[in-house]
Amino acid sequence: MTKLMVSVRSKEEVHSALQGGADLIDIKNPWEGALGAPHPRTVAEICAVLKKQKPFSIALGEFPQKAGAAGLAALGGACFAPDYLKIAFQASSTLAEIRETLQAIRESLDYVPNPAPISLVAVAYADTLPAAGWDLADFSAASRQGGADGCLVDTMAKQGKTLLDYLPGEMIGQFSEECRRNGLFCGLAGSLLYADLVELSRYRADLVGVRTAVCSGADRLRGTVSAAKVRELKELLARGQESA
């Protein structure tokens, strides 16, 4: 079954995400971008609410040509014992840089005292792919070589378009297959709407990430997560998988 990942930016939103039945909590700062890194204080407050009730991820942001900075940021995020750490790569990143950055993060986690297993997630932006020197098949292969555990495709710009505006279903299906071929789990996100989840359920992704669709007013920045919307989306996703 595809898991529903809900992105939150505060401890108040965590309560709503949990009440709605989210499978995974994604901590980020949407004001700093699609994968904006949250303030450590915010992470601590959210962890105090979560109390390990659900697995959670921390967004690290993007570190073009700065593998050392990415490793150090990951080490800081690991102090909160997340289940997942997510890092995004822009179109300007080369495959070698992707591998190097992921390796730096993986090595940095060796310095965590009494480490719990942390899954490393590499994120590509569908709307920037035309400018990249690689495709999603190359990306998943490089991610595996760098030590990632999963790949997620998202959108960088949040301007009224969704993942399906940039990637046709056939390409999403191929991405899912490539991830599995490389031994990675597969995630899909990108301003997804209710109708998108019905379509995406066909591809049996391991997780689907949302924020806009579950925020009041469909406003990912100023809106807040609604428990009712999370619950509705969870039920919709389940129905879509049953009929797929």
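Above this text you will find the structure in question.
The structure displayed is predicted, hence computed values, not measured ones.

Overview of the environment of Lys-158
Relative to the elements of secondary structure, Lys-158 occurs in the loop between β6 (150-154) and α6 (163-166). The spatial distance from the C-alpha of Lys-158 to the C-alpha of Gly-190 is 7.8 Å, given a sequence separation of 32 residues. Contact partners of Lys-158, with chain neighbours within four places excluded, come to Ala-34, Gly-190, Ser-191 and Arg-220. In terms of polar contacts, Lys-158 uses its side chain to reach the side chain of Asp-154, at 3.0 Å.

Structural notes on the packing of helix α1 (residues 11-20) against helix α2 (residues 40-50)
Direction vectors running N to C along α1 and α2 enclose 35°, while the axes themselves pass 9 Å from each other. You can see that α1 and α2 cross each other, and the crossing is right-handed. For the pair α1 and α2, the contacting residues are Lys-11, Val-14, His-15 and Leu-18 in the first and Glu-45, Ile-46, Val-49 and Leu-50 in the second. Of the residues belonging to the contact of α1 with α2, the class tally is 5 nonpolar, 1 polar and 2 charged.

Looking at the sheet that holds strand β5 (residues 119-125)
Strand pairing in a sheet takes place through backbone hydrogen bonds and is either antiparallel or parallel in direction. Pairing in this closed barrel of 8 strands is parallel, and the strands run β1-β2-β3-β4-β5-β6-β7-β8 around the ring. Averaged over all neighbouring strand pairs, the angle between strand axes comes to 25°, with direction disregarded. Relative to strand β4 (residues 84-89), strand β3 (residues 56-62) is paired through 4 bridges, and the arrangement is parallel. Considered in β4, the bridge of Ser-57 is made with Tyr-84. Contacting β1 (3-8) and β2 (24-27), α1 runs over the sheet at an angle of about 165° to β1.

Definitions and cut-offs
Residues numbered from 1 in each chain as written. Predicted model: local features only at pLDDT ≥ 70, side-chain atom pairs only at ≥ 80, totals over all residues. Heavy atoms only, no water. Helix = DSSP H or I, 4+ residues; strand = E, 2+ residues; numbered from the N terminus. Contact = heavy atoms within 4.5 Å. Polar contact = N/O pair within 3.5 Å; in protein donor to acceptor, adjacent residues only side chain to side chain. Axes fitted to C-alpha atoms, helices over the stretch in contact; angles between N-to-C directions. Left-handed = near helix turned anticlockwise from the far one by under 90°. Nonpolar A, V, L, I, M, F, W, Y, C, P; charged D, E, K, R; others polar. Pairing = 2+ DSSP bridges.

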